Amino acid sequence: MRSIPNPNRRQKFDFGETIHAFLLQDGLLFSNVLSAETVAETFARFTQPLTGISTHAIVLWAFLSQVLRDGKEASCQSAVARIISHLSARSCPAPTSDTGDYCRARAKMPEAALKELVCHVAEEAENQVDPKWLWKGRHAKLIDGFTFMMPDTVKNQKVYPQHTAQKAGIGFPIARVVSVVSLATGCLLAAAIGPFAGKETGETGLLRRLLSFFRIGDVVVADRYFGCYWLAATSMKLGVDVCFRQNKLHQRLQKGDNGFET
């Protein structure tokens, strides 16, 4: 007999399978999500327009298509081939197969412009989300922090020092990130990046940079690390509700054990 699938059974998430159908689309990916006008307006605030056939939008679409692929499909040669195919399909002049211009244009894309576009797409998705995806009609935003390592270069070491337990020249620079993710769409709404250690580099310190992304009526969900007075008080002032697990101090206070003599 064939077994009846359990609808409550949690299925394993496979990112590769999720984007497979997306990669089969014709042309350059994201061209229908990030319009050429939006990309041009954003990049104009940070850098000069590109000269030649390619535009910032073309380079960005090709770069994103390249990031989501692997093997030979992730090469710069394949990225340029997709640019040529995209432009030829629209009867537009196409560049040569030389990857030099594309690689130089990609390397010059300002990080600030890319970050602004990420937030723009996330905000548009949040504004157009189906109401049934919201939690009791409210926008829930998830907060969490993490760290990542990067190449051991002089420039990276100057801004992002390595862990003190590692000897100089052996470890890797470490950065700390605090992100705000939409529960409804799964999009990254905002992120703050800072050094792994030092003044105002903790997760709560980085979160202070992101308060402008919260709106009246939002529900902020975080782990017990963020369960502090300033976040609750600041959120109330912004008209935002918070939900986080109690830390040990809160549990002790509820039991009447404040750790001090009375």
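This text goes with the structure placed above it.
Calculation criteria
Residues numbered from 1 in each chain as written. Predicted model: local features only at pLDDT ≥ 70, side-chain atom pairs only at ≥ 80, totals over all residues. Heavy atoms only, no water. Core = buried A, V, L, I, M, F, W, Y, C linked by side-chain atoms within 4.5 Å. Buried < 20%, exposed > 50% of the residue type's maximum accessible area, 1.4 Å probe, protein only. Helix = DSSP H or I, 4+ residues; strand = E, 2+ residues; numbered from the N terminus. Contact = heavy atoms within 4.5 Å. Axes fitted to C-alpha atoms, helices over the stretch in contact; angles between N-to-C directions. Parallel < 35°, antiparallel > 145°, perpendicular 65-115°, else oblique. Nonpolar A, V, L, I, M, F, W, Y, C, P; charged D, E, K, R; others polar. Expected span 1.5 Å × (residues − 1). Phe/Tyr/Trp six-rings, centres within 6.5 Å; stacked < 30°, edge-to-face > 60°. Lys NZ or Arg CZ within 6 Å of the ring centre and 35° of its normal. Arc of directions from axis to C-beta. Polar contact = N/O pair within 3.5 Å; in protein donor to acceptor, adjacent residues only side chain to side chain.

J.: Could you clarify how one ought to interpret the nonpolar core in this entry?
T.: The nonpolar side chains of soluble globular proteins are, as a tendency, buried together. Ranked by internal contacts, the top residues of the largest apolar core, which has 20 residues, are Val 39, Phe 43, Leu 60, Ile 83 and Tyr 102. Put simply, the parts of the chain that give this core at least two residues each are α2 (36–44), α3 (56–67), α4 (76–89), α5 (100–107) and α6 (111–127). Among all residues touching Val 39, those that are not within four sequence positions of it are Leu 34, His 56, Ala 57, Leu 60 and Leu 117.

J.: Can you help me understand the packing of α4 against α5 in this one?
T.: The geometry of a pair of packed helices is captured by two quantities: the angle between their axes and the separation between those axes. It is the contact of α4 with α5, at a shortest axis distance of 9 Å, that shows an interaxial angle of 100 degrees. Looking at the two axes, α4 sits roughly perpendicular to α5. Across the interface between the two elements, Cys 76, Ala 79, Val 80 and Ile 83 of α4 pack against Tyr 102, Cys 103 and Arg 106 of α5. Here the residues of the contact of α4 with α5 sort into 6 nonpolar, no polar and 1 charged.

J.: When you look at α4 in this model, what are you seeing that I'm missing?
T.: One full turn of an α-helix is made of 3.6 residues, so residues set three or four places apart face in the same direction. Helix length check: α4 (14 residues) gives 20 Å between terminal C-alpha atoms against 20 Å at 1.5 Å per residue, within 8%. Taken residue by residue, α4 has Cys 76, Ser 78, Ala 79, Val 80, Arg 82, Ile 83, His 86 and Leu 87 as its buried positions. Those residues of α4 that are buried lie in contact with α3 and α5. Just downstream of α4 lies Ser 91, where phi reads positive at about 55 degrees.

J.: What exactly am I supposed to notice about the packing of aromatic side chains here?
T.: Counted according to the given criterion, the structure contains 1 aromatic pair. For the ring pair Tyr 225 and Phe 226, a centre distance of 5.7 Å and an interplane angle of 85 degrees mean the geometry is edge-to-face. Since its relative accessible area comes to 49%, Tyr 225 is described here as partly exposed. The exposure class assigned to Phe 226 is buried, which follows from its relative accessible area of 0%. Over the aromatic face of Trp 230 sits the side chain of Arg 208, whose NZ or CZ is 4.7 Å from the ring centroid.

J.: How do you make sense of helix α9 (residues 229–238) when you look at a structure like this?
T.: Among the residues of α9, Trp 230, Leu 231 and Ser 235 are the ones counted as buried. Projected onto a plane normal to the axis of α9, the buried residues spread over an arc of 125 degrees and lie on a single side. Exposed residues pointing more than 90 degrees away from the buried face of α9 are listed as Tyr 229, Met 236 and Lys 237. Structurally, α9 contributes buried residues whose contacts are with α8 (203–207) and β5 (241–244). Directly beyond the C-terminal end of α9, a positive phi value near 80 degrees is found at Gly 239.

J.: So what exactly am I meant to see when it comes to the side chain of Lys 141 here?
T.: Tracing the chain through its elements places Lys 141 in strand β1 (residues 140–149). Residue classification places Lys 141 among the buried residues on the basis of a relative accessible area of 6%. Within the local environment of Lys 141, its side chain forms a polar contact with the side chain of Asp 218, the two groups lying 2.7 Å apart. In contact with Lys 141, not counting residues within four places along its chain, are Val 180, Val 181, Leu 189, Phe 213, Phe 214, Arg 215, Asp 218, Val 219, Val 220 and Val 221.

Function cannot be inferred from these measures alone, as they are strictly geometric.
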